[in-house]
Every structure is written in C-alpha cells, then in structure tokens.
Amino acid sequence: MTKSKDPIAEALKSAKSETLGVRAGQVRTHADEHSEALFLTSSYVFDSCEDAATRFAGENDCSVYTRYTNPTVRNFEQRLAALESAEDCVATSSGMGAIMSLCLAQLRSGDHIICSSDVFGSTVVLLNNFFAKFGVEISYVKLTDMAAWRAAIKDNTRFLFIETPSNPLSQVGDIAAFADLAHQHDLLLVVDNCFCSPALQKPLALGADIIIHSATKYIDGQGRCLGGAVLGAEQHIESVRSLVRAGGPSLSPFNAWVFLKGLETLHLRMRAHSDNALAIAQWLEQQPSIEQVFYTGLTSHPQHQLAASQQSQFGGVLSFRIRGDKSAAWRFIDATQMISLTANLGDAKTTIVHPASTTHSRLSDLERAEAGITDNLVRVAVGLEAVEDIMADFNLGLAAL
Ligand SMILES: *Cc1c(COP(=O)(O)O)cnc(C)c1O
C-alpha cells in the first residue's frame, strides 16, 4: 500500500536538522494522510505465492512480518537516521535492547571492549553479568582520562563505548579524540547519545562509528514508551538488524509512532530543557546551602569549552551537592512537592532522585566514592515547567535543610 517514492525527499536533501525532525522519512499511503499513519499489524498479506516468495527472499522492500519490518517503525528509523546523518538505523524495544543487540551482533567470545566507568547502570549489569559469561572481556576507564584509554587497548579490543555527558556528574568525553584513538587501532567508537539527542550533539559528524539511543528519554519526551535504536554505516547496522529480526527485541509500531511524533518537537523541547536547566543551575550556584553544581553549561564546569565545542546546548540534566549529609539530601528531595521523585529523565515533568540510594545503590561504598556519587548528591532532570515554579519547589527543599 505504500507509495514507492518519498515525495519530499528531494526537498530535504539540504534541509536543516529542525526540518528533518518534522519531515524526514515520511512515506504517505494511498489514503494521503497528512500525519504519519500507525500500522498496528503483526503481519502482511501477499498478492500471490510468487509475491510471498519474492518478499521472503528479500528481493523487494515490502513487509513480511513486524518483527522484521513495519512501515511505522521504518518511518521512525529513517527520521532518526536523517537527524543523526546516519546511513542506517535499526530500532529496538528499549535502549538496553539496542546495546544488547549491538554487542550480540558485533562481539564474539574472546573479544574485549572498553567502556567509560560511569555509563548507565544497566549497561554495566548487562556487560558484567551476561556478556562476561560468554567470554567477552570488559574494562572500565574514566571518561576524561585519555591516557588510560590508550593504555587499556589490547590486541583483542573491538570497541570503545562512551556516554557523554555522563550521568549524574556531567563529565564530558572528547568525541573527536576518542574517534582518533579508536581509528588508530582499527576499533569502533560507540557513543550512547541519549542525554543530548541529535538535537544537541551529532557524534557521527565528530567521527564516531555507532550511536546508541534510548528513545525512552528525550525522543519520547513525555515518559510514555520504551524504545531504542542503533545507528551508523550500513556495514555496521546490517548485522544488528539481522540480530533484531532473529532474536526479537524489535520496536513496537505503537511506540515507534509515539517517537516519530516526538521527533517533530525534539529541537524545540531540547532548547527549552537546556534554557531551563541553565537558569536553574546558575540559580543553584548562588544558594549558600548548595556546595557544588555539576552542569556543562556553567562556565565554572572544567570542561565547559569542550562541551560547547561539540554540543549546541547543554541539555536538561544537572546534579548538585548539598552542604550536609545524606539526611540533608533526603530532606531537600522529600520537601519538594511538584517535582516528581523518580529515576526517569527526559520528561516534560522535572524529575529528582538521590543517586547514592537508588540508581547507584548497587555500587560498593568504595566504587561510589571513586565515582564521586556522594551521599549529599542530588540529580535533577529539568523539565518544561516555568523556571520560576521549579525554583519555588526547590525553595521548599532549601527551607527544609
Ligand atoms: C535510560 C538509558 C539507557 C537504557 O534505556 P532504556 O530505554 O531504559 O532501556 C541507556 N543509556 C542511557 C544513557 C540511558 O539514560
């Protein structure tokens, strides 16, 4: 039923990122719908046995089964690929599904990977508890210590995996320097671009080979659906697509449709998240009961210049240390009323969490100390409410100290 040609593809060839977010990847059906259609179907009918045989042989791009392809999912993949300037994209059931699929497709027993030490918690669990079991060796290195990365590379190293800015302390990895290091040793550089989204940072343009997304965060933007994606050159993505088809962590068409519409407002939202977060970070820095604020947009951030050189803005996530101990941090958080106490981020609603007792509670005391996750640290993902109202809620927290 899909028309074979994207009618506006030509017009989009030189379009800017904002335009691609709204327009890229749309293929209208014969119903001539203006808004993208949602194809909630698990399978597709064939015109004839010959047509079925042709489709199964992969000789045309018509659909067979939604674990393999679905027009809405493809629409999302193509729009996200356009935003990241990636040759190809495969969507997955979650961000973790994307990381798992990439590792299953690309690694074999005996391979080694190097990962920045403060990556998303489930990434560490997946690598240590499951991939290690199949003989994959993992080293963790501090994001900002390039000499240590160089020293950690071995003959069996396959890729470098980083997240920048890091969570929750907003450390910045120099993507171009990582790409140089990786390519000097014939390795792939994988960047988890969840915190910035393509609206703020485009890792492939800086030399990265593969991008991971958790679409659950800013791409959805309203905390509704789980999803993810792996992007890069076709030669890297082909095996991941084949793994997703065979193994099944495919994205649901409904979630793909939510993300597709999310991409249309991504640039606007990221601008607003960034503006709000900067205003909040600057305000928090003025408060006597706040010891230190971690946000790449602050000129006091030691890597502010690096962040400004590879990001167009600084995103919505910040953290800060309260003068006091764990009970002070808990009192602050519990005294807020509007802000949601939840581990999620990338939502229109501002969220707050105490990392040491939640997202980073699995770490030992020593690991937490090394990572700088102190008991007085609070993480906030600044949402889209009026900045004055977020400050008013924080004032309730400050009053409780
Ligand atoms: C949330 C998150 C993930 C995992 O994504 P899910 O969609 O929850 O599976 C991976 N990386 C980062 C940086 C994240 O914040």
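Every value quoted in this text rests on a predicted model; they were computed, and no experiment measured them.

Here is what the cut-offs are and how they apply
One numbering rule holds for all chains: residues counted from 1, following each sequence as written. Since the coordinates come from a predicted model, pLDDT governs what is reported: local features require at least 70, and pairs of side-chain atoms require 80 or more to be given and counted, while whole-chain, interface and lining totals use all residues. No hydrogens and no water enter the side-chain calculation; it runs on all heavy atoms of the structure. A run of DSSP states H or I qualifies as a helix once it reaches four residues; a run of E qualifies as a strand once it reaches two. Both are numbered from the N-terminal end. Atoms considered for the radius of gyration are the C-alpha atoms alone. The globule rule reads 2.2 Å times the number of residues to the power 0.38. For each residue, the accessible area found with a 1.4 Å probe, counting protein chains only, is set against the maximum for its type, and the residue is called buried under 20%, exposed over 50%, and partly exposed in between. As a rule, the C-alpha atoms of each element are fitted with a line to give its axis, helices using only the stretch in contact, and angles between N-to-C directions run from 0 to 180 degrees. Orientation labels follow simple angle bins: below 35 degrees gives roughly parallel, above 145 gives roughly antiparallel, 65 to 115 gives roughly perpendicular, and whatever is left gives oblique. Here, two residues are considered to be in contact whenever any of their heavy atoms come within 4.5 Å of each other. Note on residue categories: nonpolar means Ala, Val, Leu, Ile, Met, Phe, Trp, Tyr, Cys or Pro, charged means Asp, Glu, Lys or Arg, and polar means any other residue, Gly included. A helix is expected to span 1.5 Å multiplied by its residue count minus one. The definition of a polar contact used here is a pair of N or O atoms within 3.5 Å, where within protein one atom must be able to donate a hydrogen and the other to accept one, and adjacent residues in sequence count solely through side-chain atom pairs. In plain words, nonpolar cores are sets of buried Ala, Val, Leu, Ile, Met, Phe, Trp, Tyr and Cys residues tied together by side-chain atoms within 4.5 Å. Here the limits of each domain have been adopted from an automatic or database domain assignment. A cutoff of 4 Å decides nearness: a residue is near a molecule or strand if any of its heavy atoms lies inside that distance of it. Methods summary: accessible areas were calculated by the Shrake-Rupley approach with a probe of 1.4 Å, and residue burial reflects only the protein chains presented. Two strands qualify as a pair provided that DSSP identifies no fewer than 2 bridges between them. When two parts are brought into contact, each loses some accessible area as probed by a 1.4 Å sphere; the total of that loss over both is the buried area. We define a salt bridge as a side-chain nitrogen of Lys or Arg found within 4 Å of a carboxyl oxygen belonging to Asp or Glu. Count a disulfide wherever a pair of cysteine sulfur atoms falls within 2.5 Å.

**Examining the overall build of the chain**
Move 1: Scanning the chain from N- to C-terminus turns up 14 helices and 12 strands.
Move 2: Since a compact globule built from 401 residues should have a radius of gyration of about 21 Å, the 22 Å found for the chain is in line with a globular shape.
Move 3: Based on the C-alpha atoms only, the size of the chain along its principal axes is roughly 75 × 50 × 35 Å.
Move 4: Looking at the chain residue by residue over its 401 residues, the buried ones come to 53%.

**Observations concerning the packing of helix α4 (residues 95-106) against helix α9 (residues 234-247)**
Move 1: Running from N to C, α4 and α9 cross one another at 110 degrees; their axes reach a closest spacing of 8 Å. The angle between α4 and α9 places the two elements in the roughly perpendicular class. Contacts from S101, L102, L104, A105 and Q106 of α4 reach α9 at H236, S239, V240, L243 and V244.
Move 2: Along the lines of polarity and charge, the residues of the contact of α4 with α9 split into 6 nonpolar, 4 polar and no charged.

**Things to note about helix α3 (residues 71-84)**
Move 1: If you check α3, its first and last C-alpha atoms are 20 Å apart, about what 14 residues at 1.5 Å a residue would give, namely 20 Å.
Move 2: Of all the 14 residues making up α3, 10 are buried; the element is thus mostly covered by neighbouring parts of the structure.
Move 3: Taken together, the buried positions of α3 are T72, V73, N75, F76, E77, R79, L80, A81, L83 and E84.
Move 4: Where α3 begins, one side-chain oxygen reaches toward the backbone nitrogen of T72, 2.8 Å away; that side chain belongs to N70.
Move 5: Of the residues one or two after α3, S85 is the one with positive phi, at around 50 degrees.

**Focus: the nonpolar core**
Move 1: With 35 residues, the main nonpolar core has F76, L80, I219, L231, L251, F259 and L263 as its most contacted residues.
Move 2: Among the secondary structure elements, those contributing two or more residues to this core are α3, β1 (88-92), α8 (197-200), β7 (228-232) and α10 (253-285).
Move 3: The residues that make up this core include at least three from each of domain 1 (7-264) and domain 2 (267-399).
Move 4: The contact partners of F259, leaving out residues within four places of it in the chain, are F76, A215, T216, I219, D220, C225, L226, G227 and L251.
Move 5: Of all hydrophobic cores here, the second largest spans 29 residues; its members include V172, F320, I339 and V382.

**Remarks on the site of the ligand**
Move 1: Taken together, S94, G95, M96, F120, E163, D192, C194, F195, S214, T216, K217 and G227 are the residues near the ligand.
Move 2: G95 is positioned with one of its backbone polar atoms (N or O) 2.8 Å from an oxygen atom of the ligand.
Move 3: Side-chain polar atom of T216 to an oxygen atom of the ligand: 2.6 Å apart, as the coordinates give it.
Move 4: About the coverage of the ligand: the protein hides 93% of its 380 Å² of free accessible area.

**Some thoughts on the sheet that holds strand β11 (residues 351-353)**
Move 1: Across the sheet, which stays open at both edges, the 5 strands sit in the order β8-β9-β12-β11-β10 with mixed pairing between neighbours. Both edges of this open sheet fall to β8 (290-294) and β10 (340-341), since each of them pairs with a single strand only.
Move 2: Pairing of β11 with strand β12 (residues 377-381), which is carried by 3 bridges, proceeds in the antiparallel orientation. Within β12, the residue paired with V353 across the bridge is R379.

**Observations concerning the domain arrangement of the chain**
Move 1: The assigned domain composition of the chain is domain 1 (7-264) and domain 2 (267-399).
Move 2: Summarising the inter-unit geometry, the C-alpha centres of domain 1 and domain 2 are found 27 Å apart.
Move 3: The interface of domain 1 with domain 2 comprises 33 residues on the first partner and 35 residues on the second.
Move 4: Counting each side, the surface lost to burial between domain 1 and domain 2 is near 2800 Å², with a carbon and sulfur contribution of 56%.
Move 5: The largest share of the area that domain 1 buries against domain 2 comes from L169, L200 and Y218, three residues that together contribute 28% of it.
Move 6: Linking domain 1 to domain 2 there are 1 salt bridge.
Move 7: Notably, a salt bridge pairs E18 with R271, separated by 2.9 Å at the nearest N-O pair.
Move 8: On the surface where domain 1 and domain 2 come into contact, there are 15 residue pairs in polar contact (both at pLDDT 80 or more).
Move 9: Counting residues per element, the ones that place at least two in the side of domain 1 that touches domain 2 are α1 (17-23), α5 (121-131) and α8.
Move 10: Considered class by class, the residues forming the side of domain 1 that touches domain 2 number 14 nonpolar, 15 polar and 4 charged.

**Digging into the sheet that holds β7**
Move 1: With mixed pairing, the 7 strands of this open sheet are ordered in space as β1-β7-β6-β5-β4-β2-β3. The two strands at the open ends of the sheet, each matched to only one other strand, are β1 and β3 (137-141). Mean inter-strand twist for the sheet, computed between neighbouring axes without regard to direction, equals 20 degrees.
Move 2: Strand direction decides the pairing type here: strand β4 (residues 157-163) and strand β5 (residues 188-192), joined by 5 bridges, are parallel. Bridge pairing in β5 places E163 opposite D192.
Move 3: Where α5 meets the sheet, it contacts β2 (112-116), β3 and β4, and its direction lies at approximately 145 degrees from that of β3.
Move 4: Running over the sheet, α9 touches β1, β5, β6 (210-214) and β7 and is turned about 25 degrees from β1.

**Digging into the state of the cysteines**
Move 1: As enumerated under the stated definition, the model contains 0 disulfides in all.
Move 2: Between C62, a free cysteine, and C49, which holds the nearest cysteine sulfur, the sulfur-to-sulfur gap is 16 Å.

**As for the environment of A52**
Move 1: With respect to the helices and strands, A52 occurs in helix α2 (residues 49-56).
Move 2: Separated by 308 residues in the primary sequence, A52 and H360 place their C-alpha atoms 50 Å from one another.

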